[in-house]
Structures are given as structure tokens and as C-alpha cells.
Amino acid sequence: MEQLEFLKKVAPFNLLPPETLASTAAQLQKVTYSKETVIYQQEISKMKGVDIIVSGEYESFIYDNLHNMRLVESHREGFTFGGQSILLNRNRSLRTVIAKEGTVVYFLPRKTFKALCQTFENFFQFFTIDFGRRMMNEEFANFFKNPASFAESHGASDQLYSKKITDIEQRDIVSCSYDTPIYLAATQMAQAKVSCLFIRDGNEKIVGYVTDITIRDNVVAKQIDAAMPISSVMDNPIISISVQAYVYEAILMMFRTKTRYLLTEDNGKYVGFLSRNKLLSEQAQSPLVFIQSVKSASSVTELKEKWQRVPMFVIQLLDRGVNAEIVNQVITTIADTIALKVIESVIAELGKPPAKFVFMALGSEGRKEQTLKTDQDNAIVYEDKANEHRELVREYFLTFADIVSERLNTIGFIFCTGGFMAKNPKWTHSLSHWKRNYTEWMEESVPETIINFSTFFDCRFIYGEVSIMNDLKSFLDEALKKPMEKVFFHMANNALQYEPPLTFFRNIRTITRDKQEVFDIKKAMTPIVDLVRIYALKNRIFEVNTGERLKALQQKGVFTETELQELTQSYYFLMSMRLKNQANQIIHDKSSPDNYIHIDKLTSIEEATLIEIFKIIKNFQLGIKVRFTNRLLN
């Protein structure tokens, strides 16, 4: 009787019919564990049944290769442990479990538990759906997909992508005054055995730096008088990064900004510096080093060969358990590096541009969410010139854009079928013309202009004069302060066009393609991108990346911490699946990548995870509908 009354309160046992619940309760065995008893060991202990906690506490976790406890969880009264291990992990315990506080459990034999799962679908789904939620956690998913090599792969992931700058050695800052003679600055560098000397102004603020290369190119090669002040030949701007940032972020920042040295800061104060060569030498096996070889490529053919190697690195990173958000950043940095090489080569051929300009990326590339099925999304904004120079300026940039786009297409960044390219004369214009574009799109607010507005809101600086980009964003920021309910209404309607592929019975809806049942994972992800963009616009948030926008929205109180985690984990689980599918198509199938996932290639766990994600997306779409589409109707 005691066991039966207890089970009536415990999910999912309370889903069972009364007669089944009674027979199940009769088979329960009461077990008591003393404090700190190790009950199960991950991948070692064979589960003979499931434990239902009556009182006390289970602490469960996963050990990494350094014997650090990861994914620590606490389980108390009513929790059932072992079901997922039996159903989904060959009866082996997924986690290590330690009893706390003198714990009492009811033990149910494995045979009885499996019989319940086979007979009652709701009972079975209780465990698989919860497991699907856990699989959205990259760390847990990596362990489950390859438990035998988890320690090794997670260790590699730690070293390359989980180490923070504060964990590595930084060089002390060596500096001199801006009026120090060049020869004395060079002497100071030699005595301190550094290749970078930072320059301070009269207020002791670091305003520039000189390197061995600076001395070679700006002094020796130009035969400059070595008695001149060091400020006359110094380089800038100063680029810095927090000591709490990750090492991989520092490397990517160096490639994006073309700097070889980064100042490190802690609480707003410079505390040291890092050199690119030092960081790369410590990451010898990292795909990040590959970016350096891309920078040294000297032809379109060589750049094409580099881009063709990217899928191999994508597979390597994902198999190591590296989060898809980081993989996106690596792909984006490689793509940006290629674009920069092409842009610089075209400028070298055509001559110096007749006006300052910005070459910007749009769409998924603009959001730093590039995949392996990618086309060109870019535009050019150039400064306004006097009437007599307008035609000359426009002619140069249209020719420039045409050559750049053609070369990117040859390399593997195919022409955009929608025409969102600088090659299209519609998207190469002066700053004032671009401001008129944004104004017209916002004022007209019809489906076509809303698509343009959405695409060009996801814009990111690639090359040129950053002040032009800042001017454009300041203009847009002012515009967003005005009521824009019609814009948000149409954007919300666009976001609601793509429904998660769920059937009425909560299965994955498929389409038939080449006699195979598939679903379009890009369309499945689109609602997250769209709804986050709407909230970003509404709150005048100019981060371009979906993950960064989500974090900024959570900090503003728009999303709760739970909503942030659900959307972020959902989005990057889908992104990981999408990237891996595309990489395998290129490497193993020798075919062009697409966004179709074959339903018959999914494991039961992946399918359960996707169903849970699609339910999350559907709930957020409902929030968009209530928040942005009903307002105009009421």
C-alpha cells in the first residue's frame, strides 16, 4: 500500500492504469544507501533496473579525462534514475551517481520497466522526450554520440576552444613615450627582447605601437631619420580583448582586424599583450591555423582549393564536440579572409578607389552563421561625392563589384539567386542613397520591402571605412525610435510563414524528394532567426549574430534565462546537424550540399530531440503572433 500511494504521485508512473500501477508497486524493492556511496559509474555500471528516489538525494555527473565533474545534477524525491540508460545506452549508466544524505529508493527490475515501455507509449516517451531535451546540450550530446572517446575528444575541445586568455601566459607591456626618438625605441625593444613596443601619449594612454616590421618598412626602407619621434612611424589602432575571453576568440579577432598583437585588459586596465605567432604555435593542430595559410594564398585557384578543404575542418570540429556557434565563427572567418584577399587583389588591379567605401556582408554571412551551402550576400556603400564626380565614382564601384563577385563565384561562393549582391547595381550606392532605401522600406512596409529590410538589417562590415557603416547604423537607430508597428506586423507575418514540421500527432512532417522522405532544416531554423531579429529591431539591438542577439535580449529582460537557453540550444543543435549533413554530403557523397535531412537516417534520439525543438519553436511563434500581429487588429 505504501509503494502504491507513492507511485501515484510520481511521473510517469501516474500515467499507468490502476491495475498496472498496483502490479508495478508490488514489484518495488526498498533500498537504503549511506552518504557518499558511489552507486553507478558512467559507462561501467550495468543497470539492472531503475531507482525511484523516496527520500534523500542522488548527485549525478560525467567525469572528463582530467577527472573533473561535468554536467552536475541533483535529484530528489520522485526522480526516476536509469530509464534513459536502459532504453538508450545499452543498459550502461550514462552518468556517475553518488548518494547524499542517506538516501532511500524503490528499485524496479529492468524486465518490468522495459515491459511498461513496450506497452505504454506515454510512459516510454516520458524518458525519450527528456533525453531529447538533454541532447540539445552540446557537451552532453558529444558524450552520448561517442562515449568511448569522450575524455579524449572533450580534452581536445577544452584545449582549443574552452581555454580562456587568463589561463595562458601573457607578455608584459613594454612601452615608451610618443616623443621618444626612433633609435632609442628600437634600442629599448632590443634590450627587452620584444618585437612589439607600445606607444603612450602625454596622458600615459596607449595610442599606438611599433614592431620589427614597422621599423623595417616605415624607417629603414624609407630612409627616415632615426632621430624623429617614434609617433611619426607608429601603427594603430589599438586592439584589445578581455582576459575572460576565450583563446579562439583572440585568434579570430586577430585575423579579422589584421593585427598581430592584442592588448589584454582586466576591469578596463591593460595588463599584458598576446602575439598571433605565439597563440598559433600553441594551437598547432587547430583548424584556426589553417586561416593563416588562407591569408598567404596568392591566386583565385589557391583560394578555391582552400575553401574546398573547409568541410573537413567542420567535421573535425563537430566530432570534437565543439559548439556549432564556434564552428560558424570559424567558417565565417575563413570566408571573410577569402573575401578580403579578393577585394585587395581587385583594388590592386583597378587602382585606389575614388571614394571611401564599405563592402558589407548580408544575410546569414552578415549574421556570422555561414554554412557550407552558401551564396553571395553583399553590398557596397560609398561616400557621397560632388555631382561632377558621381558618375566616375559609380562606374569604378560597379566594375569593382562585378570583378569581386565573379571571383568569389569561381572560388565557390555562388551568385545569389535573389540578386542580393554588390554586382547588382541596386545594391551598390552612395550613403545617402542607402539611407533613402531604408526609409522607403520602412515607410512602404509591403512584403517585398520587408524582405529587403530584414536582409539589410543583418549587415556586417567586411572591408573599407568603418565610419560609413557606423553612420548608417546611427541613422537606422534613430529611425527605430519612431513607431514602426506596421513593419513589425509584416515581419512577424513573414516569421510565421515557416511552421515547424510537426504533424498533428507530434511526428516530423516530411516531403518526398528523389523518392526519399526529408525535411528542410534551414526552413526549420528560419523562425528562430526571424523572431529574434524582430525583437532585436524592436529593442534597437545591433548585434548581428542570432546567439549574440539572444544574449542581449535576455540582458534587457526581453527573454528569461530559461527562454535564452531553450532557443540557443535549439538553434545550435539544428545548426550542428545542418553543418554535419552538408560536410558529409561534400566529403562522403561527393555531392553538392543542401539543407535536406533524410528522416530515415535519424536515430530515435535525434528524432525525439527534433520534435522537442520544434515544439519550443512553435511556442515562441505563438508569442510573436500575440505580441506583433494582434496589435494592429485590436
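The structure displayed is predicted, hence computed values, not measured ones.

Asks: Explain the sheet that holds strand 7 (residues 175-177) here, please?
Replies: Hydrogen bonds between backbone atoms are what pair the strands of a sheet, whose relative direction is either parallel or antiparallel. Within the open sheet, the three strands sit side by side as 7-8-9. Their pairing is mixed. Strands with a single pairing partner mark the edges of an open sheet, and in this sheet they are strand 7 and strand 9 (206-211). Mean inter-strand twist for the sheet, computed between neighbouring axes without regard to direction, equals 35 degrees. Relative to strand 9, strand 8 (residues 196-200) is paired through five bridges, and the arrangement is antiparallel.

Asks: So what exactly am I meant to see when it comes to empty space enclosed by the protein here?
Replies: The probe, sized like a water molecule, is rolled over the atoms to show the empty space still left. Per the stated rule, a full pass over the model turns up five cavities of 30 Å³ or more. Empty space within the largest cavity amounts to approximately 80 Å³. Contributing to the lining of the largest cavity are Ala-335, Ala-339, Phe-359, Glu-365, Gln-370, Asp-375, Gln-376, Asp-377, Asn-378, Leu-408 and Phe-413. Its residues assigned to classes, the lining of the largest cavity comprises five nonpolar, three polar and three charged. What the second largest cavity holds in volume is close to 60 Å³. Along its surface, the second largest cavity is lined by Tyr-438, Phe-457, Cys-459, Leu-472, Lys-473, Leu-476, Phe-542, Glu-543, Val-544 and Arg-549. Tallied by class, the residues present in the lining of the second largest cavity amount to seven nonpolar, no polar and three charged.

Asks: Quick question: what am I supposed to make of helix 15 (residues 324-350) here?
Replies: Because each turn of an α-helix spans 3.6 residues, side chains separated by three or four positions in sequence point in the same direction. The terminal C-alpha atoms of helix 15, which comprises 27 residues, lie 39 Å apart, in line with the 39 Å expected from a rise of 1.5 Å per residue. Most of helix 15 sits out of view: 21 of its 27 residues are buried. N-cap assignment for helix 15: the residue whose side-chain oxygen lies 2.7 Å from the backbone N of Glu-325 is Asn-323. Within two residues after helix 15, Gly-351 carries a phi angle of roughly 100 degrees, on the positive side.

Asks: Before we go on, may I ask you to explain the nonpolar core in this structure?
Replies: Generally speaking, nonpolar side chains in soluble globular proteins are found buried as a group. Grouped together as the largest cluster of nonpolar side chains are 138 residues, with contacts concentrated most on Met-360, Phe-400, Trp-434, Tyr-438, Phe-453, Phe-456 and Phe-614. Setting aside chain neighbours within four positions, we find Phe-400 in contact with Ile-343, Val-346, Ile-347, Leu-350, Phe-357, Phe-359 and Ile-380. Counting 31 residues, the second largest nonpolar core, distinct from the first, contains Val-10, Val-54, Phe-81 and Leu-108.

Conventions we followed
Residues numbered from 1 in each chain as written. Predicted model: local features only at pLDDT ≥ 70, side-chain atom pairs only at ≥ 80, totals over all residues. Heavy atoms only, no water. Pairing = 2+ DSSP bridges. Helix = DSSP H or I, 4+ residues; strand = E, 2+ residues; numbered from the N terminus. Axes fitted to C-alpha atoms, helices over the stretch in contact; angles between N-to-C directions. 1 Å grid on protein atoms, 1.4 Å probe; cavity = no way out; pocket = protein on both sides within 12 Å on 5 of 7 lines; lining within 4 Å. Points joined across faces, edges and corners; volume = space filled by probe spheres on them. Nonpolar A, V, L, I, M, F, W, Y, C, P; charged D, E, K, R; others polar. Expected span 1.5 Å × (residues − 1). Buried < 20%, exposed > 50% of the residue type's maximum accessible area, 1.4 Å probe, protein only. Polar contact = N/O pair within 3.5 Å; in protein donor to acceptor, adjacent residues only side chain to side chain. Core = buried A, V, L, I, M, F, W, Y, C linked by side-chain atoms within 4.5 Å. Contact = heavy atoms within 4.5 Å.

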